[in-house]
Amino acid sequence: MRSSSLAAAVAALVAAANATSNTSLADVCTVSNVQDALPSNGTLLGIDLIPSSVTVSEVYNASSSTGTDSSSSTTYDYCNVTVSYTHTGKGDKVVLRYAFPSPSDFDNRFYVAGGGGYSLSTDATGGLAYGAAGGITDAGYDAFDYSYDEVVLYGNGTINWDATYMFGYQALGEMAQVGKAISPGFYGLSDDTKIYTYFEGCSDGGREGMSQVQRWAEEYDGVIAGAPAFRYAQQQTNHVFSSAVEHTLDYYPPPCELDKIVNATIAACDPLDGRTDGVVSRTDLCMLYFNLSSIVGESYYCAAENSTSLGFGFSKRAEGSTTSYQPAQNGTVTAEGVAVAQAIYDGLHNTTGSRAYLSWQIASELSDATTEYDSDTDSWELDITTSLGGEYVVKFVELLDLDNLSNLDNVTYDTLVEWMDIAMVRYMDSLQTTVPNLTPFLNSGGKLLHYHGESDPSVPTASSVHYWQSVRSIMYPNLTQEASIEALQDWYQLYLIPGAAHCGTNDLQPDGPYPEDNMRTMIDWVESGVTPTHLNATVSSGEYEGEVQMLCQWPTRPLWHDNSTTFDCVTDEESIATWTYEFPAFLVPVY
């Protein structure tokens with residue numbers, strides 16, 4: 001009897017698959033089909049869909065926005081669907097857009113892409129390369145055209161909490177819920193068809209991924225989070241820290257001097273990992289064994305240049321870009337310049353010496369410390385990072401509708417700690433995104449792949465390590481270190497990428513590897529049970545171009561064999577200790 005039932009079930013699945021493959025895009029891409037596929041109101045708690053808002057259009061021979069497939073000649077056909085909903089009893093309106101692949105290409109997957117900076121993703125096609133439907137949301141504040149920092153305040157002193165929670169985590173979770181609910185009906189599948197759901201993003205996209213793990217655990221099977229810009233209170237305020245160091249020490253180094261300090265550090269620390277290849281694979285060994293003061297007196301030269309800076313994408317609109325002139329710079333590294341670099345790498349402490357936050361790894365570019373040339377005084381002056389730091393302080397902390405801090409008069413390290421403290425309490429349940437108890441995600445069978453460039457100059461790499469440590473300590477408090485690490489690796493894995501910068505390769509360490517097929521790794525893990533032990537990364541330039549390096553899973557670290565092409569993943573307690581921080585400057589835990 002059981003055999004007969006199983007045969008019938010298999011036959012039904014085969015019949016459904018055949019029916020789907022024989023159905024054309026034109027057959028399913030109709031308003032009536034989408035309306036019929038909408039879940040009835042009351043099915044999704046708090047969400048009332050608006051059937052009359054449905055629009056559709058067929059799209060043929062389109063390219064996918066997926067990063068790993070962006071240079072591919074492969075094209076895709078899909079149905080572009082728009083539908084709106086309101087929150088029950090609220091009277092608001094949220095617009096969703098979906099890209100449903102042709103029935104023959106659909107592999108029962110749903111894909112959510114992360115955005116960047118203060119913006120959610122505005123392209124729904126990222127999943128097409130994986131046979132997945134995908135979606136985007138306007139979050140109720142027209143996120144297709146406005147970044148969140150543009151709408152966070154209604155006016156001075158009044159926070160737009162609806163936009164804050166929607167940007168923080170709610171909008172993406174609701175968009176995924178609706179999209180997953182529509183998918184079976186859209187393709188004529190049974191309502192209980194398993195739709196594998198994935199998230200992929202970096203920077204704030206990585207934070208968004210973590211927000212889904214923490215807030216919408218049951219909705220996702222696999223989440224890929226790169227360099228998450230979480231812990232907003234500390235992360236964003238920290239972008240003012242470099243300027244505060246220069247202001248406090250009253251030294252504003254020419255950019256060329258800082259560049260020399262960083263490049264000399266890279267050259268000195270490169271061999272410590274066992275291979276001289278222009279890549280600092282072990283910034284921890286650099287911290288342990290390299291003294292920045294050894295660079296004092298080394299000469300530097302940079303030609304005059306005009307440059308345009310777009311920042312790190314924390315503002316959607318192009319008006320945030322700046323153009324500057326730098327004269328030729330010729331000199332030697334000063335003790336004052338090294339003191340600035342050392343203070344930045346040491347991280348923020350209050351005036352009594354208590355640590356408030358971690359910092360960028362030594363050998364990372366000191367982007368936030370870049371000074372501005374004043375042609376009138378022929379001198380280098382303070383240049384406060386705008387959208388990354390200054391705007392965050394004035395808008396999110398001081399609640400003033402301004403774009404940047406005008407100066408750092410009367411600002412001390414204690415001031416920065418106070419700003420962090422205010423923002424941490426204010427946005428603890430929205431933008432901090434550091435809930436360490438991921439039990440619901442674990443219990444639902446979710447898999448989390450977390451990666452971070454080791455020389456990231458925007459989001460400190462140790463920020464990711466600290467969160468991993470928080471999750472391990474909260475979820476496995478009674479296990480030994482070895483047992484807790486093993487338990488965590490079954491579903492949550494962290495990888496540091498040697499030499500990599502923020503969500504990409506590093507111009508200062510161009511011979512470093514970078515992972516290119518994380519989604520394939522995740523799909524194999526979720527759907528085929530192939531648990532990764534290393535992360536596949538490829539060198540894209542230089543002497544080692546094309547070399548594939550299987551990255552070490554944290555907390556093991558790479559150590560090369562006598563300048564060869566092979567390395568071991570080793571456990572080094574002394575170096576791991578350099579990644580471990582406590583923050584006694586705050587009276588509440590910082591996860």
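Going by what an unreviewed UniProt entry lists, the protein chain is known as Carboxylic ester hydrolase and is assigned to Fistulina hepatica ATCC 64428. In the Sequence similarities (unreviewed entry) part of its UniProt record, the protein chain is described as follows: "Belongs to the tannase family."

A. Looking closely at the domain arrangement of the protein chain. With domains assigned, the protein chain is organised as domain 1 (24-191), domain 2 (195-230 + 433-554) and domain 3 (234-427). Just the C-alpha atoms count here: the centres of domain 2 and domain 3 sit 26 Å apart. Counting residues at the interface gives 24 residues for domain 2 and 27 residues for domain 3. In this assembly, domain 2 packs against domain 3 so that about 2,000 Å² is buried in total across both faces, 55% of it on carbon and sulfur atoms. Taken together, the connections running from domain 2 to domain 3 amount to 1 salt bridge. Linking E547 and R275 is a salt bridge whose minimum nitrogen-to-oxygen distance equals 2.9 Å. One can count 7 residue pairs in polar contact (both at pLDDT 80 or more) joining domain 2 with domain 3. Among the elements that make up the side of domain 2 that touches domain 3, the one with the highest residue count is helix α14 (residues 461-475) (4 residues). Looking at the side of domain 2 that touches domain 3 residue by residue, the classes come out as 9 nonpolar, 11 polar and 4 charged.

B. Structural context of the environment of G117. Mapped onto the elements, G117 comes out in the loop between β4 (109-113) and β5 (132-137). Classification of G117 as buried rests on a relative accessible area of 1%. Taking the C-alpha atoms as reference points, G117 and C202, separated by 85 residues in sequence, lie 9.7 Å from one another.

C. Spotlight on the packing of aromatic side chains. Taken as a whole and judged by the stated rule, the model has 31 aromatic pairs. Centroid distance Y373 to W380: 5.3 Å. Interplanar angle 55°. Geometry classified as tilted. You'll find Y373 and W380 in the same group, each marked buried. Aromatic pair W491 and Y492: ring centres 5.9 Å apart, planes at 45°, arrangement tilted.

D. Structural detail: the state of the cysteines. Tallied over the entire structure, the rule returns 5 disulfides. The partner cysteine of C256 in its disulfide is C302, sulfur to sulfur 2.1 Å. Linking C256 and C302, the disulfide has an S-S dihedral of approximately 80° and is accordingly described as right-handed. Note that C256 is positioned in helix α8 (residues 255-269) and C302 in strand β10 (residues 299-302), a separation of 46 residues in sequence. With relative accessibility at 3%, the residue C256 sits in the buried group. Residue C269 pairs covalently with C286 via a disulfide, S to S 2.0 Å. On the sign convention where negative means left-handed, the S-S torsion of about 60° between C269 and C286 marks this disulfide as right-handed.

E. Here's a closer look at the nonpolar core. Ranked by size, the top nonpolar core spans 134 residues in total, and within it Y98 and Y148 carry the most contacts. For this core, the element with the most residues is helix α4 (residues 161-186), which contributes 11 residues. Here Y98 is in contact with C79, N80, V81, V83, F110, A124, G134, G135, M175, V178, G179 and I182, once residues within four sequence places are set aside. In terms of nonpolar packing, the next biggest core, distinct from the first, is built from 33 residues, Y78, I136, C202 and Y495 among them.

F. Broad picture of the pairing of strand β20 (residues 548-551). Only one face of β20 is buried: it carries Q549 and L551, and the other face, with V548 and M550, is open. Across 4 bridges, strand β19 (residues 535-539) lies against β20 in antiparallel orientation. The partner of L535 across the bridge, within β20, is L551.

G. Structural view of a nonpolar patch on the surface. A surface patch of nonpolar side chains, about 330 Å² in accessible area, is lined by M428, L587 and V588. Turning to its location among the elements, V588 is positioned in the segment after α17 (573-577).

H. Highlighting the confidence of the model for the protein chain. In this model, the protein chain carries a mean pLDDT of 93, and residues with pLDDT of at least 70 account for 93%. The model gives residues 1-15 a pLDDT under 50, and that stretch makes 0 contacts with residues more than four places away or in other chains. Under a pLDDT of 50 for its full length, residues 312-319 has, in the predicted model, 27 contacts with residues more than four places off or in other chains.

I. Structural detail: helix α11 (residues 386-397). Taking 1.5 Å of rise per residue, 12 residues should cover 16 Å, yet α11 covers just 14 Å from first to last C-alpha, more than 12% shy of that figure. Burial analysis of α11 places 11 of its 12 residues in the buried class, the great majority of the element. Within α11, burial applies to S387, L388, G389, G390, E391, Y392, V393, V394, K395, F396 and V397. At its buried positions, α11 is contacted by β6 (153-155), α6 (232-237) and α12 (413-426). Backbone geometry just after α11 places L399 at a positive phi near 60°.

J. Region of the structure containing helix α16 (residues 518-528). Those residues of α16 that fall on the buried side of the exposure criterion are N518, M519, T521, M522, I523, W525 and V526. Immediately downstream of α16, the backbone of G529 shows phi near 70°, a positive value.

K. Local environment of the packing of α8 against helix α10 (residues 335-346). The interhelical angle for the contact between α8 and α10, taken along N-to-C directions, is 60°, at an axis separation of 10 Å. Here α8 and α10 pass one another in a crossing that is right-handed. Between α8, through E257, I261 and V262, and α10, the contact on the second element is made entirely by G337, V338, A341 and Y345. The class makeup of the residues in the contact of α8 with α10 is 5 nonpolar, 1 polar and 1 charged.

L. Local environment of a negative patch on the surface. Where like charges cluster on the molecular surface, the negative patch consists of D259, E305, E365 and D507. Its location among the elements puts D259 in helix α8. Judged by relative accessible area, D259 falls into the partly exposed class, the value being 35%.

M. Molecular detail of the sheet that holds strand β9 (residues 222-226). Pairing is mixed in the open sheet, where 9 strands are placed in the order β1-β2-β3-β5-β4-β8-β9-β16-β17. For this open sheet the edge positions go to β1 (47-62) and β17 (492-497), each flanked by a neighbour on one side alone. Taken over all neighbouring pairs, the strand axes of this sheet differ in orientation by 20° on average, direction set aside. Two elements, strand β8 (residues 196-202) and β9, share 5 bridges in a ladder whose sense is parallel. Residue pairing across strands places G201 opposite A225, the latter belonging to β9. The strands that α4 touches are β1, β2 (76-87), β3 (94-101), β4, β5 and β8; relative to β3, the one it contacts most, it runs at about 45°. Across the face of the sheet, helix α5 (residues 204-215) comes into contact with β8, β9, β16 (447-453) and β17 while running at roughly 145° to β8.

Rules of the game
Residues numbered from 1 in each chain as written. Predicted model: local features only at pLDDT ≥ 70, side-chain atom pairs only at ≥ 80, totals over all residues. Heavy atoms only, no water. UniProt positions renumbered as here; feature names shortened; annotations may be inferred. Domains from an automatic or database assignment. Contact = heavy atoms within 4.5 Å. Buried area = accessible area lost by both parts, 1.4 Å probe. Salt bridge = Lys/Arg side-chain N within 4 Å of Asp/Glu carboxyl O. Polar contact = N/O pair within 3.5 Å; in protein donor to acceptor, adjacent residues only side chain to side chain. Helix = DSSP H or I, 4+ residues; strand = E, 2+ residues; numbered from the N terminus. Nonpolar A, V, L, I, M, F, W, Y, C, P; charged D, E, K, R; others polar. Buried < 20%, exposed > 50% of the residue type's maximum accessible area, 1.4 Å probe, protein only. Phe/Tyr/Trp six-rings, centres within 6.5 Å; stacked < 30°, edge-to-face > 60°. Disulfide = S-S within 2.5 Å. Core = buried A, V, L, I, M, F, W, Y, C linked by side-chain atoms within 4.5 Å. Pairing = 2+ DSSP bridges. Patch = residues over 30% accessible without salt bridge, like charges linked within 9 Å, V, L, I, M, F, W, Y side chains within 5 Å. Areas by Shrake-Rupley, 256 points an atom, 1.4 Å probe, with all protein chains shown as cover. pLDDT = per-residue confidence, 0-100. Expected span 1.5 Å × (residues − 1). Axes fitted to C-alpha atoms, helices over the stretch in contact; angles between N-to-C directions. Left-handed = near helix turned anticlockwise from the far one by under 90°. Lys, Arg positive; Asp, Glu negative; His and termini not counted. Charge placed at Lys NZ, Arg CZ, Asp CG, Glu CD.

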